[in-house]
Amino acid sequence: MSATTAADHMIPQAHADHLAMPAAYADNRIHDTYRWLRANEPMGMAKIDGIDPFWVATKHADILEISRQNDLFHNGDRAATLTSQAADKRVREMMGGSPHLLRTLVQMDAPDHPKYRALTQGWFMPQNLKKLEERIRVIARASVDKMAAKGGECDFVNEVALHFPLHVIMTILGVPESDEPRMLKLTQELFGATDPELGRKPNEAQTTETGEPAFDMGVIIDFNNYFSALSAARRANPTDDLASLIANSQINGAPISDFEAMGYYIIVATAGHDTTSSSTAGAMWALVDNPGQLRKVKADLSLIPGLVDESIRWTTPVKTFMRTLTADTEFAGRQMKQNDWLMLCYASGNRDEEVFEAPDEFRVDRSPNKHLAFGYGAHLCLGQHLAKMEMRILWEELLPRLESVEMAGTPAMSESFFVNGPKRLPIRFKMS
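Each value, and the rule that gives it
- All residue numbers refer to position in the chain's written sequence, counted from 1.
- Given that this is a predicted model, residues contribute local features only at a pLDDT of at least 70 and side-chain atom pairs are listed and counted only at 80 or more, while totals for whole chains, interfaces and linings are drawn from all residues.
- By convention in this description, side-chain values take in all heavy atoms of the structure and omit both hydrogens and water.
- Put simply, a nonpolar core is a bunch of buried Ala, Val, Leu, Ile, Met, Phe, Trp, Tyr and Cys residues held in one set by side-chain atoms that sit within 4.5 Å of each other.
- Buried means the residue's accessible area, taken with a 1.4 Å probe over protein chains only, is under 20% of the maximum for its type, while exposed means over 50%, and partly exposed covers the values in between.
- What counts as a helix is a DSSP run of H or I of at least four residues, what counts as a strand is a run of E of at least two, and both are numbered from the N terminus.
- By the convention used here, residues are in contact when the closest approach between their heavy atoms is within 4.5 Å.
- A fitted line through C-alpha atoms serves as each axis, taken over the contacting stretch for helices, and the angle formed by two N-to-C directions is quoted from 0 to 180°.
- Here roughly perpendicular refers to angles of 65 to 115 degrees, roughly parallel to angles under 35, roughly antiparallel to angles over 145, and oblique to all remaining angles.
- In this scheme the handedness of a crossing depends on how the near helix is turned from the far one: anticlockwise by less than a right angle means left-handed, clockwise means right-handed.
- We define a polar contact as two N or O atoms separated by no more than 3.5 Å, with the added condition that, inside protein, one atom must be a possible hydrogen donor and the other a possible acceptor, whereas residues neighbouring each other in sequence contribute only through side-chain atom pairs.
- The criterion for strand pairing is that DSSP finds at least two bridges linking the strands in question.
- Centres within 6.5 Å are what make two rings of Phe, Tyr or Trp a pair, Trp counting through its six-membered ring; a difference in plane orientation under 30 degrees is then read as stacked, over 60 as edge-to-face, and the rest as tilted.

Draft legend 1. Summary view of the nonpolar core. Counting 111 residues, the largest nonpolar core has Met-147, Leu-173, Phe-227 and Met-284 as the members making the most contacts within it. Per element, the largest residue contribution to this core is 14 residues, and it comes from helix 14 (residues 258–289). The residues contacting Leu-173, other than those within four sequence positions of it, are Phe-227, Asp-241, Leu-242, Ala-243, Ile-246, Tyr-265, Val-268 and Ala-269.

Draft legend 2. Representation of the packing of helix 14 against helix 18 (residues 384–398) in the model. Where helix 14 meets helix 18, the axes come as close as 10 Å, and the angle between the chain directions of the two elements is 40°. Taken together, helix 14 and helix 18 sit at an angle that is classed as oblique. Considering how the two elements wind past one another, helix 14 and helix 18 form a crossing that is right-handed. Here Gly-272, Thr-276, Ser-279, Thr-280, Ala-283, Met-284 and Leu-287 of helix 14 lie close against helix 18, whose contacting residues are Ala-387, Glu-390, Met-391, Leu-394, Trp-395 and Leu-398.

Draft legend 3. Spatial organisation of the side chain of Ser-249. Locating Ser-249 in the fold gives a position in the loop between helix 13 (242–247) and strand 5 (250–251). What makes Ser-249 buried here is its relative accessible area of 7%. In this structure the side chain of Ser-249 is engaged in a polar contact, spanning 2.6 Å, whose partner is the backbone oxygen of Leu-245. With residues up to four places along the chain from it excluded, the contact list for Ser-249 reads Leu-119, Ala-254, Pro-255 and Ile-256.

Draft legend 4. Representation of the environment of Ser-311 within the structure. One can find Ser-311 in helix 16 (residues 304–315). Taking relative accessible area as the criterion, Ser-311 reaches 0% and is therefore assigned buried. Taking the C-alpha atoms as reference points, Ser-311 and Gln-127, 184 residues apart in sequence, are found 24 Å from one another. Look past the residues within four positions of Ser-311 in its chain and what remains in contact with it is Ser-279, Ala-283, Thr-316, Phe-362 and Met-391.

Draft legend 5. Molecular detail of the sheet that holds strand 11 (residues 402–407). With antiparallel pairing, 3 strands are arranged side by side in an open sheet as 4-14-11. Of all strands in the sheet, those with a lone pairing partner are strand 4 (153–155) and strand 11, marking the two edges. Each neighbouring strand pair of the sheet contributes to a mean axis angle of 30°, computed without reference to strand direction. When strand 11 meets strand 14 (residues 426–431), the two strands line up antiparallel, connected through 5 bridges. Its bridge partner being in strand 14, Leu-402 is matched across the sheet by Met-431. Contacts from helix 8 (residues 133–148) reach strand 4, strand 11 and strand 14 within the one sheet, and its direction differs from that of strand 14 by about 100°.

Draft legend 6. Structural detail: the packing of aromatic side chains. In total, this model carries 10 aromatic pairs according to the counting rule given. Both rings, one in Phe-223 and one in Phe-227, keep their centres 6.2 Å apart while their planes meet at 15°; by these two values the pair is stacked. Of the two residues, Phe-223 and Phe-227 are both situated in helix 12 (residues 217–236); the distance of 4 residues between them amounts to about one turn of the helix. Each member of the pair, Phe-223 together with Phe-227, is buried. Each ring, one from Trp-314 and one from Phe-362, has its centre 5.6 Å from the other, and the planes form 80°; the classification is edge-to-face. Of the two residues, Trp-314 is situated in helix 16 and Phe-362 in the loop between helix 17 (346–349) and helix 18; the sequence distance between them amounts to 48 residues. Exposure remark for Phe-362: the relative accessible area of 3% places this residue in the buried category.

Given below as structure tokens:
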């Protein structure tokens, strides 16, 4: 059977629109769209006003295969996250033709990507993280004590889940505790740019002709100003933190540029805690909604690693990344062209009925659990072992003390088609 073209696989407009609609990721309409796409158009083409057309991969197997083929599907040739034509134009004008405001590992391809990844990879390997376990446990215990002191009610997102991984990664990075609120606010403004509560209010210079936010340049400038000062301090007086490693790193015998260093600081300072806090909050939300699962894991704490993996699958904080075709190719029976843009829908792959039994059920003992939330291949999340360790330790400290928990108000998800998770989770609880 010959390969078919994009024209044969157009996604119905309502479903296509959901892919770029932040509110659809907050109210779960996106999962209805994903379910339809997996069944009817697993590799379809989306056309949305104001956005370049793009292929949409929703099946677990296709996302895996694309992630394996890094030479064919590039990260850096076009925007690595979904962006409008107007925003892309403004960024390219500012950045001398580059589609990227930042150059992090996410925006890199070989040969640069493996070289830059190798700079910090050792820090995030399991054998190195073992040395941090007791330090992380002290932080986790303090977080649980703070929760216990809340008097039986709290917003688990804003009073527990956000601050524990934030403190861990800032300790590793070398950011003083007094600056953590600033880092949290900037992270929320960066990842929550499309959320009316979390995003920075754009000024006139930051909007396109249609009035939409074009980019978060102010947020990036604030990050740059902060990390430029930190970097200069660590070059002058290196310590044993990750900031010192980044500040003094070399590629091919020369110091890395300030632009690449800033990208490194920002990805560690943001992705290093935001996705972990979202999965932690997602776990609590799921346990409140599924008291039988809470009873199961409380009765057998050896299920905690399973709880961690299931909450990461369930929440899938990084919803989408974009890739760009480097050559004409046939993939999944579709004829794709060089420079075609493609969306990887990780949250859809993580609910694929062909891979996960009863994918819409939260099961702490799900095994195997081959979720895609950390990506796959060369771009597999650098901090995956740290994230899982943090979450495991927090639940080891919290679950033995948590006697009961229920919802105490209306929870809410953030509005974003890139990185999203719970932004409010009011709970009522009893602790020993």
